[in-house]
Amino acid sequence: MQTNYQQIIDDITSELETLDNPGRVASYIPELAGVDANKLGVHLMTVGGNRYSWGNSEEKFSIQSVSKVLSLTFALQVMGENLWTRVGVEPSGTAFNSLVQLEYEQGFPRNPLINAGAIVVCDALITQLANPKKDILNFVREISGHKKIDYCPRVFESEKRTGFKNYSLANLCKGFGNLNNDVDTVLDVYFHLCSIEMTCSELAQTFLFLANEGKCPVTEKQVVSSQRARRINSIMQMCGFYDEAGEFAFRVGLPGKSGVGGGIAAVHPGKYSIAVWSPKLNEKGNSYQGIKVLEAVTTRTQSSIF
Ligand code: DON
């Protein structure tokens, strides 16, 4: 029997609307603090091309760290497995911007989905490419099938002014010899990467290749090999939610990635990709309601990857 995703999403969201949301909008990036906390958007897209939406699913938001999956995918395309000489694939079990572990492990970030890891990935891309910001954006536009996806200059400026911990992380990597370019040059690319804006429907379509053995069914483009798609999914599963990755695997059971803008993208390989946006975050910096929606989706469809 075919799963009635629309009915399931409608039921979940109407139930959630009646419940308290104790989360808080990210305020350490001033531009994000002004976002309407009550937004809630959901978009699920099957590998067969069916789409199911709810709420503010056509409104742009700052995808923030969700973009770290895209920079990872691009860096693997540009430099292949050599990337793993610069960054690991282990879960960090620490906050996304933690300095302690990076110091202890001598500037070698645990994985590409924590801030330090994404900063090193940006550094690797800068070394390889003449126009890294342009090339990253073109790559994202190509795999998403949306030519108008762009950086948000206001969010970029806001982070550049207040990204003190990211300056510390980049300096620590540099001090340990794991950053080849200037700290300012690397953070310019990193802050741009974080400022990418998408709607839930754009984000779900962008991640669909990871649910479909590396090929986007809409653009028909083979973005990565099926083996690489599985590997990227394994990194999302283990590392996508920082010190909440175990909880996310336990409750939701899908590879996914969160961002402090309140967005989450997750995939069920062979079935669908789903993007959720709700700006209020839990204490780990992940969308409070976003996780609730995803937990309810996999519970009601009785399917996680496990
Ligand atoms: O660098 C930062 O702190 C932000 N631009 C991104 C962090 C983030 O999205 C963490 N995710 N939940």
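Residues numbered from 1 in each chain as written. Predicted model: local features only at pLDDT ≥ 70, side-chain atom pairs only at ≥ 80, totals over all residues. Heavy atoms only, no water.

Caption draft 1: Looking closely at the packing of aromatic side chains. Considering all chains together, one arrives at nine aromatic pairs under this definition. Ring geometry for Phe96 versus Tyr242: centroids 5.5 Å apart, planes at 50°, classification tilted. You can see Phe96 sitting in the loop between helix H3 (67-79) and helix H4 (100-104) and its partner Tyr242 sitting in the loop between helix H11 (226-239) and helix H12 (245-251), a full 146 residues away along the chain. Look at Phe96 and you get buried, because its relative accessible area is 12%. We classify Tyr242 as buried; its relative accessible area is 4%. Pairwise contacts between aromatic rings join Tyr5, Tyr52 and Tyr272 into one cluster. (Phe/Tyr/Trp six-rings, centres within 6.5 Å; stacked < 30°, edge-to-face > 60°. Helix = DSSP H or I, 4+ residues; strand = E, 2+ residues; numbered from the N terminus. Buried < 20%, exposed > 50% of the residue type's maximum accessible area, 1.4 Å probe, protein only.)

Caption draft 2: Here's a closer look at the pattern of salt bridges. Tallied over the full model, the rule gives 14 salt bridges. One salt bridge connects Glu15 with Arg300, and the closest N-O pair in it is separated by 2.7 Å. Taken as a pair, Glu15 in helix H1 (residues 5-16) and Arg300 in helix H13 (residues 288-300) lie far apart in primary sequence, 285 residues in all. Classification of Arg300 as partly exposed rests on a relative accessible area of 39%. Linked through salt bridges whose partners overlap, the residues forming this network are Glu81, Arg228 and Arg231. (Salt bridge = Lys/Arg side-chain N within 4 Å of Asp/Glu carboxyl O.)

Caption draft 3: How the structure looks around the layout of surface pockets. In this structure, the largest pocket occupies an estimated 250 Å³ of space. Along the walls of the largest pocket sit 16 residues, with Leu281, Asn282, Glu283, Lys284 and Gly285 positioned nearest its centre. Taken together, the residues of the lining of the largest pocket sort by class into eight nonpolar, four polar and four charged. (1 Å grid on protein atoms, 1.4 Å probe; cavity = no way out; pocket = protein on both sides within 12 Å on 5 of 7 lines; lining within 4 Å. Points joined across faces, edges and corners; volume = space filled by probe spheres on them. Nonpolar A, V, L, I, M, F, W, Y, C, P; charged D, E, K, R; others polar.)

Caption draft 4: Up close: the environment of Lys68. Secondary-structure assignment places Lys68 in helix H3. Of the residues examined, Lys68 reaches a relative accessible area of 1% and is grouped as buried. Sequence-wise, Lys68 and Ser258 are 190 residues apart; in three dimensions their C-alpha atoms are separated by 9.5 Å. The residues contacting Lys68, other than those within four sequence positions of it, are Pro112, Leu113, Ile114, Asn115, Ala118, Tyr190 and Cys194. Only 2.6 Å separates the side chain of Lys68 from the side chain of Ser65, close enough to count as a polar contact. (Contact = heavy atoms within 4.5 Å. Polar contact = N/O pair within 3.5 Å; in protein donor to acceptor, adjacent residues only side chain to side chain.)

Caption draft 5: Structural detail: the sheet that holds strand E6 (residues 196-198). Taken together, the three strands give an open sheet; going across it, the order is E4-E6-E5, and neighbouring strands pair in antiparallel fashion. Unpaired on one side and paired on the other, strand E4 (61-62) and strand E5 (150-151) mark the two borders of the sheet. Pairing geometry for E4 and E6, over two bridges, is antiparallel. Along E6, the bridge assignment pairs Ser62 with Glu197. (Pairing = 2+ DSSP bridges.)

Caption draft 6: Fine view of the site of the ligand. Near the ligand you find 17 residues, and of these Tyr28, Gln64, Ser65, Glu159 and Tyr190 are the closest. Tyr190 places a side-chain nitrogen or oxygen 2.6 Å from an oxygen atom of the ligand. Compared with its free state, where it exposes 340 Å², the ligand has 99% of that area covered by protein. Because more than half of its atoms lie within 2 Å of the grid, the ligand is assigned to the second largest cavity. When the residues that make up the shell around the ligand are grouped by side-chain class, the tally is seven nonpolar, eight polar and two charged. (Near = heavy atom within 4 Å. Areas by Shrake-Rupley, 256 points an atom, 1.4 Å probe, with all protein chains shown as cover. Sits in = over half its atoms within 2 Å of the grid points.)

Caption draft 7: Seen up close, the nonpolar core. Among the nonpolar cores identified, the biggest contains 67 residues, and Leu83, Leu203, Phe207 and Leu210 are the most heavily contacted of them. Apart from the residues within four sequence positions on either side, Leu83 is in contact with Leu72, Ala75, Leu76, Val121 and Ala124. Val42, Leu44, Phe241 and Ala266 belong to the second-largest nonpolar core, a separate cluster that totals 25 residues. (Core = buried A, V, L, I, M, F, W, Y, C linked by side-chain atoms within 4.5 Å.)

Caption draft 8: Empty space enclosed by the protein, seen in detail. A full pass over the atoms with the stated rule returns two cavities of 30 Å³ or more. By volume, the largest cavity amounts to about 80 Å³. Along the wall of the largest cavity there are 14 residues; nearest its centre are Ser98, Gln101, Leu102, Ile114 and Ala116. Per-class residue counts for the lining of the largest cavity are eight nonpolar, four polar and two charged. The space that makes up the second largest cavity amounts to roughly 50 Å³.

Caption draft 9: Region of the structure containing the pairing of strand E9 (residues 272-277). Most of E9 is tucked away, with six of its six residues classed as buried. The alternating pattern of E9 places Tyr272, Ile274 and Val276 on one face and Ser273, Ala275 and Trp277 on the opposite face, and all of these are buried. Looking at chain direction, strand E8 (residues 263-268) and E9 are connected through six bridges and run antiparallel. Bridge pairing in E9 links His268 to Tyr272.

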